[in-house]
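Notes for the structure review
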Amino acid sequence: MIRRILVLGLSALLLTGCGPLPAEEHAFAVVLAVDVQDSLWRMSVRMPSYVASGKYMTCTGEGETIQQAAAALAADAPMPLDLGQLRLTVVTERLAASPMMPEALAWLEAREDLRLQAVLCVTQGDMDVLMEASNPTTGSRLSKSLQVALESGAGQGIIPLCTLSEALRLGERQTPVFPLVEATPDGKSLHFSGGWAQGMVFSEEDCRCLMLLTGAWKKGTFPLGEGEITLLDASVCPQISQNTAVVKGSVTAATRGVAPEEAQTLLTEKITLLMMDTSAAGLDVLGLKRQAIREALTAAKWQEDRWQERLRSLNWQVELDFLWQD
């Protein structure tokens, strides 16, 4: 009896072949993009088309409020939209620099199905072009391709990773730095490089300095002119006292094409200039405000309106001990 059932089942499989997969019950977005211009909100998602070709499709919605844009987006999707597998959330520089950015973050936080571990990026390019360029590498899923690209960029120290959860958690205690993303010139894929915070653009070199100070990057290659530093380990701790910020720590590294003493001087100068520029712009990228609040001892002694003035006039000292390896 069992043999007869197996034979019948095998025969049915051979006769019918590989049929189409059953339709999905939800449209799982991989990339979400949000923009606002002239009080008109615009939202797009990139998701699988659920057809045999394996290609991806873009759905878009617009509205006078972010809620209306979200509703129009949901109506444009072929199935109920689900953000539970989101890997990347992109906001245009226009939105990120506008007073409407907190409203966008509040909507994202309130969305119950949204994956808060998705990385939040800023783009200086066209949102439609970016979405059409959100394609996987050959033989891979888009979610996996994005994960590999983001981890690779962070591993090289050229992009700071900031998830939606981190952006919401930092609040007003620290200035988040978001990775920058653009479409490649051929419009077929995405390119991650540098960072962005409240109108200030961070180069790849800036990102390496910043991630070294925050502990997010401890091993890797730091190009310096015609030479380079190879970081083997690093432990850095920024501190604030009165009107002075001190960066202390130790760095184990090796050099190529540049003398150790020169490399130490160059790296120290780059870090000092970057911190001076960020604090002068009112950006607290290292979270010094949290230390300053603890320094005030009580909330009654904390003067919020004086913090920006203090931050902008900080004196910076970089005191790193280098251990050079052959």
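The present account deals with the structure reproduced in this document.

On to the packing of aromatic side chains. Within this structure, the stated rule accounts for two aromatic pairs. Between the aromatic rings of Trp 217 and Phe 222, the centroid separation amounts to 6.3 Å while the plane-to-plane angle is 45°, which identifies the pairing as tilted. With a centroid separation of 5.2 Å and 10° between ring planes, the pair formed by Phe 322 and Trp 324 is classed as stacked. Under the relative-accessibility criterion, Phe 322 is labelled buried at 14%. The exposure class assigned to Trp 324 is partly exposed, which follows from its relative accessible area of 24%.

Bringing helix H6 (residues 142-156) into the picture now. Taking 1.5 Å per residue, 15 residues should reach 21 Å; H6 reaches 21 Å between its end C-alpha atoms and fits that length. Every buried residue of H6 is accounted for by Leu 142, Ser 143, Ser 145, Leu 146, Leu 150, Gly 153 and Ala 154. Down the axis of H6, the sector holding all buried residues measures 165°, keeping them to one side.

Once that is clear, we can look at the packing of helix H2 (residues 66-76) against helix H4 (residues 101-110). Packing of H2 against H4 leaves a shortest axis separation of 11 Å and a crossing angle of 50°. Judged by the inter-axis angle, H2 sits oblique to H4. Of the two possible hands of crossing, H2 and H4 adopt the one that is right-handed. Two secondary-structure elements touch here, H2 through Ile 66, Gln 67 and Ala 70 and H4 through Glu 103, Ala 104 and Trp 107. When grouped by side-chain class, the residues that make up the contact of H2 with H4 number four nonpolar, one polar and one charged.

Looking now at the sheet that holds strand S12 (residues 227-241). The strand order across the open sheet built from four strands is S11-S12-S13-S14, with neighbouring strands paired in mixed fashion. Only two strands of the sheet have a single neighbouring strand rather than two, namely strand S11 (220-224) and strand S14 (315-324). In this sheet, neighbouring strand axes are inclined to one another by 40° on average, regardless of whether the strands run parallel or antiparallel. Contacts between helix H10 (residues 288-295) and the sheet are confined to S12, strand S13 (244-256) and S14, with S12 contributing the most and set at about 30° to the helix.

It is the contact of helix H8 (residues 204-214) with helix H9 (residues 260-280), at a shortest axis distance of 10 Å, that shows an interaxial angle of 90°. By the criterion of interaxial angle, the relationship of H8 to H9 is roughly perpendicular. Contact residues: H8 offers Glu 205, Asp 206, Cys 209, Leu 210, Leu 212 and Leu 213, while H9 offers Leu 267, Lys 270, Ile 271, Leu 274 and Met 275. Of the residues that constitute the contact of H8 with H9, the class distribution is eight nonpolar, no polar and three charged.

Turning next to the pairing of strand S3 (residues 40-48). Across seven bridges, strand S2 (residues 31-37) lies against S3 in antiparallel orientation. Residue Leu 32 lies in a different strand from S3, and its bridge partner there is Val 45. Counting the residues in the hairpin turn of S2 and S3 gives two residues, including Asp 38, whose phi is positive at 55°. With eight bridges joining them, S3 and strand S4 (residues 56-63) adopt antiparallel strand pairing. Pairing of Arg 46 across the sheet is with Thr 58, part of S4.

Attention shifts here to the pattern of salt bridges. Considering all chains together, one arrives at eight salt bridges under this definition. The salt bridge involving Arg 42 is made with Asp 128; its shortest N-O contact spans 2.6 Å. Within this pair, whereas Arg 42 is found in strand S3, its partner Asp 128 is found in helix H5 (residues 127-132), the two being separated by 86 residues in sequence. Among the charged side chains, a network of salt bridges with common partners joins Arg 42, Glu 62 and Asp 128.

All right, on to H8 then. An α-helical turn contains 3.6 residues, so a residue and the one three or four places further along point in the same direction. Among the eleven residues of H8, eight are classified as buried, and the element is accordingly described as predominantly covered. Residue Gly 215 follows H8 closely and has a positive phi angle near 85°.

This next bit is on the pairing of strand S7 (residues 119-123). Of all five residues making up S7, five are buried, and the element is well covered by its neighbours. Of the two faces of S7, the one carrying Val 119, Cys 121 and Thr 123 and the one carrying Leu 120 and Val 122 are both buried. Pairing of strand S6 (residues 88-92) with S7, which is carried by five bridges, proceeds in the parallel orientation. Directly across from Val 91, in S7, lies its bridge partner Val 122.

We now examine a positive patch on the surface. Where like charges cluster on the molecular surface, the positive patch consists of Arg 169, Arg 173, Arg 290 and Arg 294. Looking at where Arg 290 falls in the secondary structure, it is placed in helix H10. Note on Arg 290: relative accessible area 32%, which makes it partly exposed.

Conventions adopted
Residues numbered from 1 in each chain as written. Predicted model: local features only at pLDDT ≥ 70, side-chain atom pairs only at ≥ 80, totals over all residues. Heavy atoms only, no water. Phe/Tyr/Trp six-rings, centres within 6.5 Å; stacked < 30°, edge-to-face > 60°. Buried < 20%, exposed > 50% of the residue type's maximum accessible area, 1.4 Å probe, protein only. Helix = DSSP H or I, 4+ residues; strand = E, 2+ residues; numbered from the N terminus. Expected span 1.5 Å × (residues − 1). Arc of directions from axis to C-beta. Axes fitted to C-alpha atoms, helices over the stretch in contact; angles between N-to-C directions. Parallel < 35°, antiparallel > 145°, perpendicular 65-115°, else oblique. Left-handed = near helix turned anticlockwise from the far one by under 90°. Contact = heavy atoms within 4.5 Å. Nonpolar A, V, L, I, M, F, W, Y, C, P; charged D, E, K, R; others polar. Pairing = 2+ DSSP bridges. Salt bridge = Lys/Arg side-chain N within 4 Å of Asp/Glu carboxyl O. Patch = residues over 30% accessible without salt bridge, like charges linked within 9 Å, V, L, I, M, F, W, Y side chains within 5 Å. Areas by Shrake-Rupley, 256 points an atom, 1.4 Å probe, with all protein chains shown as cover. Lys, Arg positive; Asp, Glu negative; His and termini not counted. Charge placed at Lys NZ, Arg CZ, Asp CG, Glu CD.

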